[in-house]
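Per-entry structural report
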Amino acid sequence: MIPLSWYLLFAAALFGIGLYGALARRNAVAALMGVELMLNAVAINLLAFWRYLDPGRMNGQVFAAVLFAVAAAETAVGLALIISLYRLRRTVLPEEADLMRG
Amino acid sequence: MTADQILFLVFAILGLGLAAASVALRNLVRAAFALIGCLFAVAALYALLEASLFVVAQAAVYVGAIAVLIVLVVMLTRRELREKATQTHRYAPLAAVLAALITAGLAAGLSRFASFARTMPALPPDDMVIRLGDALVDPSGFLIPFEAVSVMLLSVLIGAVFVAGGTRPGRGKG
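In this report, the structure presented in the accompanying data block is examined. These numbers were taken from a predicted model, which means no experiment stands behind them. (Residues numbered from 1 in each chain as written. Chains lettered and ligands numbered in written order. Predicted model: local features only at pLDDT ≥ 70, side-chain atom pairs only at ≥ 80, totals over all residues.)

Next up on the list: the overall build of chain A. Secondary structure summary: chain A contains three helices and zero strands in total. The N-to-C order of helical and strand elements in chain A reads α-α-α. In terms of C-alpha radius of gyration, chain A reaches 17 Å, well past the compact-globule figure of 13 Å for 102 residues. With respect to the principal axes defined by its C-alpha atoms, chain A has extents near 55 × 25 × 20 Å. Counting only residues that meet the buried cut, chain A has 58% of its 102 residues in that class. Within chain A, counting contacts between residues at least 6 apart in sequence, those at least 24 apart form 46% of the total. (Helix = DSSP H or I, 4+ residues; strand = E, 2+ residues; numbered from the N terminus. Rg over C-alpha atoms; globule rule 2.2 N^0.38 Å. Buried ≥ 20, exposed ≤ 12 C-beta atoms within 10 Å, placed from the backbone. Contact = placed C-beta atoms within 7 Å.)

It is at 9 Å that the axes of helix α1 (residues 4-24) of chain A and helix α1 (residues 3-24) of chain B come closest, and there the two elements cross at 10°. Taken together, the axes of α1 of chain A and α1 of chain B are roughly parallel relative to one another. Listed contacts from α1 of chain B to W6, F10, A13, L14, I17, G18, Y20 and G21 of chain A of α1 of chain A are F8, A12, G15, L16, A19, A20 and V23 of chain B. When grouped by side-chain class, the residues that make up the contact of α1 of chain A with α1 of chain B number twelve nonpolar, three polar and no charged. (Axes fitted to C-alpha atoms, helices over the stretch in contact; angles between N-to-C directions. Parallel < 35°, antiparallel > 145°, perpendicular 65-115°, else oblique. Nonpolar A, V, L, I, M, F, W, Y, C, P; charged D, E, K, R; others polar.)

Along the chain, L47 of chain A turns up in helix α2 (residues 28-53). Classification of L47 of chain A by C-beta neighbours within 10 Å gives buried; the count is 24. Distance from L47 of chain A to Y7 of chain A, taken between C-alpha atoms, is 9.6 Å for residues 40 residues apart in sequence. The residues touching L47 of chain A, leaving out its near neighbours within four places in the chain, are G60 and A64 of chain A together with Y46, L49, A51 and F54 of chain B.

The terminal C-alpha atoms of helix α3 (residues 52-76) of chain B, which comprises 25 residues, lie 34 Å apart, in line with the 36 Å expected from a rise of 1.5 Å per residue. A maximum bend of about 25° is found in α3 of chain B at Y62 of chain B. The set of residues buried in α3 of chain B consists of F54, Q58, Y62, I66, A67, L69, I70, V73 and V74 of chain B. The elements touched by buried residues of α3 of chain B are α2 and α3 (59-89) of chain A together with α2 (28-48) of chain B. (Expected span 1.5 Å × (residues − 1). Bend = angle between axes of the 7 residues up to and from the residue.)

This paragraph deals with the environment of V151 of chain B. Note on placement: V151 of chain B falls in helix α6 (residues 143-165). Between the C-alpha atoms of V151 of chain B and A20 of chain B, which are 131 residues apart in sequence, the distance is 35 Å.

This is the structure:
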């Protein structure tokens, strides 16, 4: 049998990798991919807690379903902003989006 | 070591390796495909958790929609990718330290959790997908959060179309 700790440690490692990707990459699309990894780590945690602690109630699964919808919304808005930025400035690097820099 | 433990380790190592590849690879198209592989490995872990609906949802929503969207945007903005240029900015070591610290903190905090080493209890005998569907449309269950998320997703997608399509070159900058 797989103990709960394996899932939690896997999710923590995946979250760390995603956080590094979101913070360190210069490209906005790559940063968004890091955020996707972080959201996946959270979904694993939610489903693992549902399965191990309270499989009789649906709270964990409903949370995970809501998280999927939020992840889809986040990606759609993020990529739309990237396309809009690319049309305006011909760049996908957030550091070059400096219209509002004083 | 039992069969499910071996399966878990295979998919966990695969998932972490592909996740590391997707944040480390210079070529964004390759990074996007590594992300797709990682999402499939996570779907396999959902299968080991017996969350059958989420295996399908992961394949359909993440791999089918989000990953395709990412690949599409990578292709659309390909001229600007500049593979020769460095892909991380100058604070990347700081980001690595921060990510390692947060991972270690999460692991340390979770290992003090009382149910940390708990093994998997038996599922109730009835069908979990049916119970999830019932819970989502039950007014005393999760009907209102479900509807709120539906409205949010619809409005966000309409907004995304507006943002992405609102600045056509022929109409000037808008």
